[in-house]
Amino acid sequence: MSWHPHVTVAAVAEQAGRFLLVEEQTRHGLAWNQPAGHWEPGESLIDAVVRETREETAYTFHPTALIGVYVWARPTDHDDPAPPTFLRVTFTGTVDPEPADHALDEGIVRAFWAEPETLRSAAAPLRSPMVLRSVDDWMAGVRHPLDLIQHLAP
């Protein structure tokens, strides 16, 4: 069996001290997450985070910096004896003032804004430890230029 980590992107957007989150249905119930999802063939990482944010929140995301690259191996449970490893590229940026008027991705219950304290005492579990870590890094001022990511032509 070969190992294939999942490459994902996530958006950390803040307005007036609150962060954009989604509440999503998972196989273990509801969870809170940043707008995030899998990088798809043929798109840049920046295009992927813009797309995922739009699909999950209806907001248009404008990336301004890279917060970090996080690696997390989901713990083993009886339902999944070989859980995946995630490599998550997390961006920060701004969103347009109002979301577009379209349906959210399947499995997304709602998009909402929450203060860090609310996130720490979430009514639903966080999707992964990467959610809070990236907010903490954002609050600590961690920012890397977008040109750190180099897409090379074949």
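Before reading on, note that the structure itself is shown above.
Residues numbered from 1 in each chain as written. Predicted model: local features only at pLDDT ≥ 70, side-chain atom pairs only at ≥ 80, totals over all residues. Heavy atoms only, no water.

Focus: the overall build of the chain
Selection criterion: Secondary structure elements follow DSSP: runs of H or I no shorter than four residues count as helices, runs of E no shorter than two count as strands, and numbering proceeds from the N terminus. The buried label goes to any residue with under 20% of its type's maximum accessible area, the exposed label to any with over 50%, and the partly exposed label to all in between, with areas taken from a 1.4 Å probe on protein chains only. The contact criterion used is simple: two residues touch if any of their non-hydrogen atoms lie within 4.5 Å. Using a 1.4 Å probe, the Shrake-Rupley method yields the accessible areas, and only the shown protein chains count as cover for residues. When charges are counted, Lys and Arg contribute as positive and Asp and Glu as negative, whereas His and the chain ends are disregarded. Charge placement uses NZ in Lys and CZ in Arg. For Asp and Glu, CG and CD serve respectively.
Helix and strand content of the chain: three helices and seven strands. The helix and strand sequence of the chain, counted from the amino end, reads β-β-β-β-α-β-β-β-α-α. C-alpha extents for the chain along the principal axes are approximately 45 × 45 × 35 Å. In the chain, which comprises 154 residues, the share counted as buried stands at 44%. Of all intrachain contacts in the chain linking residues separated by at least 6 positions in sequence, the fraction that spans at least 24 positions is 74%. Surface summary for the chain: the accessible area is close to 8500 Å², and the carbon and sulfur share equals 56%. Charged side chains in the chain number 11 positive and 22 negative. The centres of these two groups are separated by 5 Å.

Considerations on the packing of aromatic side chains
Applied cut-off: The criterion for an aromatic pair is that two Phe, Tyr or Trp rings (for Trp, the six-membered ring) have centres within 6.5 Å, with stacked assigned to planes under 30 degrees apart, edge-to-face to planes over 60 apart and tilted to the rest. Cation placement over rings: the criterion is NZ of Lys or CZ of Arg within 6 Å of the ring centroid and within 35° of the ring normal.
The full count for this structure, using the stated rule, is four aromatic pairs. Ring centres 4.9 Å apart and planes at 65 degrees place the aromatic pair W32 and F112 in the edge-to-face group. You can see W32 sitting in strand 3 (residues 29-33) and its partner F112 sitting in strand 7 (residues 108-114), a full 80 residues away along the chain. Here W32 matches F112 in class, with each residue buried. With a centroid separation of 6.0 Å and an interplanar angle of 20 degrees, the aromatic rings of W72 and F86 are classed as stacked. Linking W72 in strand 5 (residues 61-73) with F86 in strand 6 (residues 85-95), this pair joins segments that are 14 residues apart in sequence. Of the two residues, W72 and F86, both sit in the buried class. It is R110 that lies over the ring of F112; its NZ or CZ is 4.0 Å from the centre.

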